[in-house]
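Given next are the chains, with one letter for each unit.
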Amino acid sequence: MAKVPVYNIEGQQIGEIELNDSIFNVPINTHVLHQAVVAHLANRRQGTFAAKTRAEVRGGGRKPWRQKGTGRARQGSIRAPTWRKGGVVFAKKPRDFSIDLPKKVKRLALKCALSSKVKENNLIVLDRWDMNQYKTKEVLRVLKNLGLENQKALIVIPEKNEYLQKSTKNIPEVKTLQVGNLNVFDILKYDKFVILQDAVKKVEEVYA
């Protein structure tokens, strides 16, 4: 099992933790990672757009002028696509973009993403991070102690911590997630992966 340092919020190494090789040391499968990212982005699409065809636009039931003799182009309806306020050709309709990946593929993709962070030395384990007030300045201080100033960082916590989660919302390049909401897209999107020690245990319980 690979060993990685454990830090406190002051940026000091206070020990080491062994990571489960079946989660944090699997061969990187780029095809599976690509599938997971594509599915994640597709599932985020609402698909609620809608436009009207010429059959659905109101009005235009009468022929605007006679077929011949006016010198103008023949027209059958003022709601034809060539007219202003006319219908749309091949109008978009609400649809479901979601992609359903097999459970094994999802799990493998997450393990590959986590393993990539370990192999790139971008995984940082914190012993604990207790916050009892909303304070973005405190989050910035801890990130500075860890050498993560001006870096994109994903913070993973074992359970809901409203103070920490809301305090990171004001920092554009930082995001906080609970273990239950962990996904491949966010792991790969952020350069640094900061995870609390208790969250590591939860990940291993679920995916080992």
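The structure presented is a predicted model; accordingly, all values stated were derived computationally and were not measured. (Residues numbered from 1 in each chain as written. Predicted model: local features only at pLDDT ≥ 70, side-chain atom pairs only at ≥ 80, totals over all residues. Heavy atoms only, no water.)

(A) Up close: the packing of aromatic side chains. Overall, the coordinates contain three aromatic pairs when judged by the stated rule. Note on phenylalanine 49 and phenylalanine 97: the rings are 6.0 Å apart at their centroids and 70° apart in plane angle, and the pair reads as edge-to-face. Of this pair, phenylalanine 49 sits in the loop between α2 (30–44) and α3 (103–119) while phenylalanine 97 sits in the loop between α2 and α3; the two residues are 48 residues apart in sequence, bridging distant segments of the chain. Owing to a relative accessible area of 14%, phenylalanine 97 belongs among the buried residues under this scheme. An angle of 50° between the planes, with centres 4.8 Å apart, marks the rings of tyrosine 134 and tyrosine 163 as tilted. Of this pair, tyrosine 134 sits in the loop between β3 (123–126) and α4 (136–145) while tyrosine 163 is found in helix α5 (residues 162–167), placing the two residues 29 residues apart along the sequence. Residue tyrosine 163 is classed as partly exposed on the basis of its relative accessible area, which comes to 33%. (Phe/Tyr/Trp six-rings, centres within 6.5 Å; stacked < 30°, edge-to-face > 60°. Helix = DSSP H or I, 4+ residues; strand = E, 2+ residues; numbered from the N terminus. Buried < 20%, exposed > 50% of the residue type's maximum accessible area, 1.4 Å probe, protein only.)

(B) Molecular detail of the side chain of lysine 192. Here lysine 192 lies in strand β6 (residues 192–196). For the buried lysine 192, no salt bridge exists, and the shortest N-O distance to an oppositely charged side chain is 8.0 Å, to aspartate 191. (Lys, Arg positive; Asp, Glu negative; His and termini not counted. Salt bridge = Lys/Arg side-chain N within 4 Å of Asp/Glu carboxyl O.)

(C) Inspection of the domain arrangement of the protein chain at higher detail. What the domain assignment lists for the protein chain is domain 1 (2–46 + 100–207) and domain 2 (50–93). Computed over C-alpha atoms, the centres of domain 1 and domain 2 are 55 Å apart. (Domains from an automatic or database assignment.)

(D) Geometry of the environment of lysine 119. Position of lysine 119 among the secondary structure elements: in helix α3. Sequence separation between lysine 119 and asparagine 25 is 94 residues, and the spatial gap between their C-alpha atoms is 7.9 Å.

(E) Geometry of the sheet that holds β3. Read across the open sheet, the six strands follow the order β2-β1-β3-β6-β4-β5; overall the sheet is mixed. Among the strands making up the open sheet, the edge pair consists of β2 (13–19) and β5 (174–178). Between one strand axis and the next, the sheet turns by 30° as a mean value, whatever way the strands run. With four bridges connecting them, β3 and β6 associate as parallel partners. From the neighbouring strand, valine 125 faces β6, where its bridge partner is isoleucine 195. (Pairing = 2+ DSSP bridges. Axes fitted to C-alpha atoms, helices over the stretch in contact; angles between N-to-C directions.)

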